[in-house]
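Observations on chain architecture
The lines below spell out each chain.
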Amino acid sequence: MASSERSALLTYRLCGGSGEEERGRERGRATAAAAAPRKLPTFLGVVVPTLLSMFSVVLFLRLGFVVGHAGLYQALAMFAVAYFIIGMTVLSVCAIATNGALDAGGAYYMISRALGPEFGGSIGIMFFLANVCGSALYVLGLVEAVVDSFGIPPGQKAGTGIHVLPQSYWYELLYGTVLLALCLLVCLVGASIYAKATFLIFLIVAGVLGTILVSFFATQPIGVPIRLPHFNGSETENGSFTGFSLTTLRENLGGGYGVDYTTGQMMSFSSVFAVMFNGCTGIMAGSNMSGDLKRPSYSIPRGTISAVLFTYLVYNLLAFLMCATCNRTLLQKDYGFLRDISIFPPLVTVGIYAATLSAAMSNLIGASRILYALARDDLFGRALALAKKTSASGNPVMAVILSWLVVQLVLFSGKLNTIAGVVTTFFLLVYATVNLACLALEWASAPNFRPTFRYFTWHTCLLGIAGCCVMMFLISPVSASASLGFLLVLLLALHYLSPSSTWGYISQALIFHQVRKYLLMLDVRKDHVKFWRPQMLLMVQNPRGSARLIDFVNDLKKSGLYVLGHVELQDLDALPSDPLQPQQDSWLSLVDKLNVKAFISLTLAPSVRHGVRQLLFTSGLGGMRPNTLVLGFYDDAAPQDGLARHPAFTSAREEVPLGFPPLRAPADPKLLSAREYVGIVADALKMLRNVLLARQLESLDKAWELRRAASPPPAIHVWPVNLLRPDSARYADTCSLFLLQMACVLNMARAWRRARLRLFLCVEAGAMPHAQEEKLRQLLKDLRIQAQIQLVPWDAVTRLHWQTRRGPPGGPAPAGEEEEEEGAVNFPANATQVSDEYVCAANKLVLEQSPAPAVRFLYLPRPPADTSLYPLYLRQLELLTRGLGPTVLVHGVSAVTSTQL
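Small disclaimer: the values here were computed from a predicted structure and weren't measured.

Within the chain, the secondary structure is distributed over 32 helices and twelve strands. Long-range contacts, defined here as pairs at least 24 residues apart, represent 82% of the contacts in the chain between residues at least 6 apart. As displayed, the chain has an accessible area near 39100 Å², and 61% of this comes from carbon and sulfur atoms.

Dropping the structure here:
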C-alpha cells in the first residue's frame, strides 16, 4: 500500500513520462540507448556545440555580405531583432529544461512532454527538417569555401597551382557528398567522439577568431582583386581594405542592397536577414545533446545563455570592424575576404573549414537524435521503426544514416542562399513553438510547473512567439505559409492516428484553468428560462443493458450537462480501498466508444435510493448541475445485453469492455424494490428535479428508424395530457409544457431532424374540439414548435373513469382530489380512483394511433403522497405503457418555455 502511494512521486517527471520508460523496456536494443551513461559536461556538451553552430558560415562567409548590403545600422538592427527572438526562446528553453528530467531529443522532447504528442510529434518533424536543411546549408557553405580556395577560376579551362577543382553544379554536388560522408563517419562513431572532435575544432575556431580580430589592426591597407563570373567568362573588380577610416565607416553606415553574385537575385532586408539569422539558429545545439549530458537541467541554461551572449558581442564587434575598414565592394563581392586581409590566411581557411564542418556535424547529429526520439515514442508507428536501431554503445546509427540520406537530398538545391530562407523559416517555427510550450505551462498555472530558472514571464514567451511569426512572414510568406500548412497536416494526422500517451497534455491543464474560471462566472442567480437547457443525470445499473438508452439521452441533452450515474451497493468501512476507482477507466472507455458527451459519477451507498439522492445533491458544479433525472423503467422484463450488439462494438475489433459484470438473470432478485423505485421518483420531484422514465428504449433501433426510406417519415408521438387523471387534464400546465419541450429538443437533434412531431389532443363530445385545437395550435406557434395536431375522441375511455367516481361528470370532486397545483409539494392521491380497466383502455387508445412511431412521450403523474400506494402507482404506469414500444414518461417541474424574444 505504501509503495503504491509513493509511486507517483518516484516516477514523476513533468517533462518525461513513466509510460515512455515502460515502453522502452519492450523495445529491444533501443533500451541500450536509454541506459547508456551520460558523459558530457556543460562546456563540451552545450557551450562548444552552440558556439560552433553559431560561428560557422555566417561568421566566416556571410557576415561581410550582411554588413555590405545592409550597412552598419541595419546590420545592428538585424542582430538586435534576431537575438531578441532567440533570447526570448532561450529563456523559455531554460525554463522547460529546469522543470524536470530531460531525455534525448532536445527541443522535441521538451515540446512533446509539455504540449502532448500532437504538437510534439509535428514540431519534432519540423525541427528534424530544420536541422537537416541546416546541415545541408553548412555543407554547401563549406563547398563554397573549398571551391573558392581550390577551384579553377571562372573562364579558365585548366587549373594552375592549387586551383585544380572543376566548378559546376554536379562537381559541387560531388564535393558536398564527400564532405557529408565525412560528417556521417564522425556521427556514426558516437556523441563522445563528436564532442572531442568539436572541442578540437573549437580551439581552431577560437584561434582563427583571435587572428581575424588582430588582422583588422595589424594589416596594412591593401587592394583586393575580386574575380566574378560573367556570362561564360569572368570579370575582375577591386575591393579595398582601407584600415580604420572614418570615411569608410560613413560610407558603410547606411544600406546599399545590390545583386547577390552567386544567385543573381536582388537583395533586400528580408533576404539578407534570412541569411544572417542562420548564424543564430544554433541555440538548440546543446539542447539536442540532452540525452548525452551529465546534468541537462543544469547544463542547458548556463551553457546556452553563455554562448548566446558571447556570440552576440562578437557579431556586433566584427560588424563594426568590417564597416570601419572595408569598402562596400569588398564586403558584397568577396565572401571570403577575411582570408584576404588576414595576417595568416591559411589559418583562416582552416578555421572556415573546421567551423562549417562542425556546424554540419552538429545539425546532422541533432537531426538524428530528434529522429531517434520520434521513433522511440512510436508516434508514427512503423514509418520510423528503422530509426530505433542502435549500436551496442547506444548510438542511434540508423537514425544517423536516415538523417544523412535526407541531407543528401537537400544538397541538390545547389546554393547556400537558396535554402537559407527555408532553414530560417523552419527554425523560427520551432522557436515559436518552444515559446508556446512555455507560455502554455505558465498560463496553465499547474502547481508542478516550478522551474528552477525563474528569469522568464509569460510576457517574454508571448514576445518570442510574436517576433518569430512576424519575421517568418517577412522573410518568406510562401515558405511560412507552406510550413504552417504542413504543420497543421501533421497535427491532424497525429491527433487522429497516434496512440494515446502518458506524458500529460497541456491542453487538459489549460482547459481546467479556463473551465474553473468560467464556472465561477456562471451565476445561477442569472438563469433565465429563455436559455434553459436539459442537464441530465441518467442512472445506469449496468451499461450492458443500457447502451441504447445512453445514446438516446445523449440526443436529449441539447448541449447541456450529461452525467452517467451509478450506485455501488457496498460499505466503504468494510473495504480496504475505494472499489470505484478501478471502474473509472471502464466507464470512460464506454463513453468514448459510444461517442456520447457525458461525465461519469459513481458512488457507494447502502441502497440505490440513498445513492441517487447523493448524486442528485452532489453531481455537477456551480451552475452546471443536473436538473433532470432519467431512470429506466421498473418492470419484470429480462435485461438484454445491448452492448454486445451495439454498432460501436460490433464494427470494431476490440472486445466489449470486461469491467462490467454480466447482466442479472431473470430469476435473480432485483437490487431495489418497487417501493424504493417510486421513492426515487418522489425524492427527485421534492428536490425540484424533472423526471423521465424510459421504457423499452433498448428496443429502439435508431439507425433503422431514422434512415429507412419508408414514407411517411418516422414520427414522435406526444401525449401532453395526464392520461391517469382525465378529470383534471390540461395542456398548458408546467408538466405538459416540459413534455412538449423535451419532444421538441429530441426533434432538434441532428439524428432526429427527419422525424415529425405528432401532438395528440384528447377531446370529448360537446367540448368544442376545434376551439381547443386552435388554442393549442396558437400555443405551438408562440413556442415556435412545429407539430401536427391530431384530435383523438376519448369519450369511451373517460366513461370508464367516471363509472368509478362518486359524482357525475362535471360535478364536484371528492375531498382531497383538488386539481394539482404547479407547486412542488402537492401529492394527489388519485391512484386509488383509477381502475385497471380504464388504464388498459387508455393504453389501447395510445396504441391504436398509427402508424407506429419511433418513440412516444407520455405524461408522468406525480407519485401519491401515501407511500403504501407506491406499488399500485407503478402498476398503473406499467399497464399504461405496456406494449407501446420505446416510451418516455415525463414529469416536469421547471418552467422551460418562453414566448419572449
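Next comes the rest of the write-up.
Turning next to the side chain of Thr42. With respect to the helices, strands and loops of the structure, Thr42 is situated in helix α4 (residues 42-54). Engagement of the side chain of Thr42 in a polar contact is seen with the side chain of Ser299, the distance being 2.8 Å. Ignoring sequence-local partners within four residues, the contact set of Thr42 consists of Val47, Tyr298, Ser299 and Gly303.

Turning to the nonpolar core, a few remarks are in order. Counting residues in hydrophobic clusters, the biggest one holds 166 residues, and the most contacted among them are Leu59, Phe60, Ile86, Phe216, Leu338 and Tyr431. Counting residues per element, this core draws most heavily on helix α5 (residues 57-97), at 26 residues. When sequence neighbours within four positions are dropped, the list of residues in contact with Phe216 reads Phe241, Phe244, Leu318, Leu321, Met322, Thr325, Leu338 and Ile341. Formed by 113 residues, the second largest nonpolar core is a distinct cluster that contains Leu631, Leu672, Leu723 and Leu889.

The next thing to look at is the packing of α4 against helix α16 (residues 345-376). Relative orientation of the contacting elements α4 and α16 amounts to 115°, with a least axis distance of 8 Å. The hand of the α4/α16 crossing is left-handed. Facing Pro49, Leu52 and Ser53 of α4, the residues of α16 in contact are Ala355, Ser358, Ala359 and Ser362. Broken down by class, the residue content of the contact of α4 with α16 amounts to four nonpolar, three polar and no charged.

On to the packing of aromatic side chains, then. Using the criterion set out here, one finds 22 aromatic pairs in the structure. Consider the rings of Phe269 and Phe273, whose centres lie 6.3 Å apart with planes at 10°: the pair is stacked. Linking Phe269 with Phe273, this pair stays in helix α11 (residues 269-277), spanning four residues, or about one helical turn. What makes Phe269 partly exposed here is its relative accessible area of 33%. Here Phe273 falls in the buried class, since its relative accessible area comes to 0%. With a centroid separation of 5.3 Å and 85° between ring planes, the pair formed by Trp587 and Phe660 is classed as edge-to-face. Note that Trp587 is positioned in helix α23 (residues 584-594) and Phe660 in the loop between α25 (647-650) and α26 (674-686), a separation of 73 residues in sequence. Like Phe660, Trp587 is buried. By way of ring pairs, the aromatic residues Phe127, Phe269, Phe273, Phe277, Phe427 and Tyr431 are connected into one cluster.

Our focus in this paragraph is the confidence of the model for the chain. Confidence along the chain averages 81 in pLDDT terms, with 85% of residues attaining 70 or more. Overall, residues 806-829 carries pLDDT values under 50, and its contacts beyond four positions in sequence, including any with other chains, amount to 35 contacts.

Take the layout of surface pockets next. Empty space within the second largest pocket amounts to approximately 1300 Å³. Around the second largest pocket sit 44 residues that line it, and Gln541, Asn542, Ser546, Phe633 and Pro639 are the ones nearest its centre. Listing elements by their share of the lining of the second largest pocket, those giving two or more residues are β4 (562-568), α24 (608-618), β6 (628-632), α26 and β7 (690-695). Broken down by element, the residue count for the lining of the second largest pocket peaks at three residues, all from β4. Its residues assigned to classes, the lining of the second largest pocket comprises 26 nonpolar, eleven polar and seven charged.

Below, the discussion takes up unusual backbone geometry. Negative phi values dominate among residues other than glycine, just as trans dominates among peptide bonds. In this structure, Pro851 follows Ser850 across a cis peptide bond, with omega equal to 0°. Inspection of the secondary structure puts Pro851 in the loop between α31 (836-848) and β11 (855-859). Located in the positive-phi region is Lys558, a residue other than glycine, with phi close to 50°. Its place among the elements puts Lys558 in the loop between α22 (547-556) and β4. A relative accessible area of 34% places Lys558 in the partly exposed class.

On the basis of which strands lie adjacent, the open sheet formed by ten strands has the order β5-β4-β3-β6-β7-β12-β11-β8-β9-β10 and mixed pairing. Pairing within the sheet leaves two strands with one partner each, and these edge strands are β5 (599-604) and β10 (788-793). The mean inter-strand angle of the sheet, taken between neighbouring strand axes irrespective of direction, is 25°. Sheet analysis places β6 next to β7, joined by five bridges and oriented parallel. Bridging from a neighbouring strand, Val630 pairs with Leu692 of β7. Together, β3 (536-539), β6, β7, β8 (715-719), β9 (756-763), β11 and β12 (887-891) form the strand contacts of helix α28 (residues 734-748), whose direction differs from that of β11 by roughly 165°.

Turning our attention to the pattern of salt bridges. With the rule as written, the count across this model stands at twelve salt bridges. Several salt bridges share partner residues, and in doing so they unite Asp635, Arg695, Glu878 and Arg882 into one network.

Together, Phe43, Phe199, Leu200 and Leu203 line one region of the surface with nonpolar side chains, adding up to about 370 Å² of accessible area. Looking at which element gives the most residues to the nonpolar patch, the answer is helix α9 (residues 191-218), with three residues. One can find Phe43 in helix α4.

Quick reminder: α-helices carry 3.6 residues per turn. Residues three or four places apart thus point the same way. Most of α22 sits out of view: nine of its ten residues are buried. For α22, the set of buried residues is Ala547, Leu549, Ile550, Asp551, Phe552, Val553, Asn554, Asp555 and Leu556. After α22 finishes, the residue Lys558 shows a positive phi value of roughly 50°.

Tracing the sequence through the fold places Ile283 in the loop between α11 and α12 (285-288). Ile283 sits in the buried class, given a relative accessible area of 2%. Every residue in contact with Ile283, bar those within four places of it in the chain, is listed here: Thr50, Met54, Ile86, Thr89, Val90, Thr304, Val308 and Tyr431.

With that out of the way, let us pick up helix α7 (residues 117-150). Taking 1.5 Å per residue, 34 residues should reach 50 Å; α7 reaches 48 Å between its end C-alpha atoms and fits that length. For α7, the tally of buried residues reaches 29 of 34 residues, placing the bulk of the element in the interior.

Taken together, Arg533, Lys558, Lys597, Arg750 and Arg753 make up a surface patch of like positive charges. Along the chain, the position of Arg533 falls in the loop between α21 (506-521) and β3. The exposure class assigned to Arg533 is partly exposed, which follows from its relative accessible area of 38%.

So, about the side chain of Glu878. Mapping Glu878 onto the fold places it in helix α32 (residues 870-881). Judged by its relative accessible area of 17%, Glu878 is buried. Within the local environment of Glu878, its side chain forms a polar contact with the side chain of Arg882, the two groups lying 2.6 Å apart. Contact partners of Glu878, with chain neighbours within four places excluded, come to Phe633 and Arg695.

Reading guide: rules and limits
Residues numbered from 1 in each chain as written. Predicted model: local features only at pLDDT ≥ 70, side-chain atom pairs only at ≥ 80, totals over all residues. Heavy atoms only, no water. Helix = DSSP H or I, 4+ residues; strand = E, 2+ residues; numbered from the N terminus. Contact = heavy atoms within 4.5 Å. Areas by Shrake-Rupley, 256 points an atom, 1.4 Å probe, with all protein chains shown as cover. Polar contact = N/O pair within 3.5 Å; in protein donor to acceptor, adjacent residues only side chain to side chain. Core = buried A, V, L, I, M, F, W, Y, C linked by side-chain atoms within 4.5 Å. Buried < 20%, exposed > 50% of the residue type's maximum accessible area, 1.4 Å probe, protein only. Axes fitted to C-alpha atoms, helices over the stretch in contact; angles between N-to-C directions. Left-handed = near helix turned anticlockwise from the far one by under 90°. Nonpolar A, V, L, I, M, F, W, Y, C, P; charged D, E, K, R; others polar. Phe/Tyr/Trp six-rings, centres within 6.5 Å; stacked < 30°, edge-to-face > 60°. pLDDT = per-residue confidence, 0-100. 1 Å grid on protein atoms, 1.4 Å probe; cavity = no way out; pocket = protein on both sides within 12 Å on 5 of 7 lines; lining within 4 Å. Points joined across faces, edges and corners; volume = space filled by probe spheres on them. Pairing = 2+ DSSP bridges. Salt bridge = Lys/Arg side-chain N within 4 Å of Asp/Glu carboxyl O. Patch = residues over 30% accessible without salt bridge, like charges linked within 9 Å, V, L, I, M, F, W, Y side chains within 5 Å. Expected span 1.5 Å × (residues − 1). Lys, Arg positive; Asp, Glu negative; His and termini not counted. Charge placed at Lys NZ, Arg CZ, Asp CG, Glu CD.

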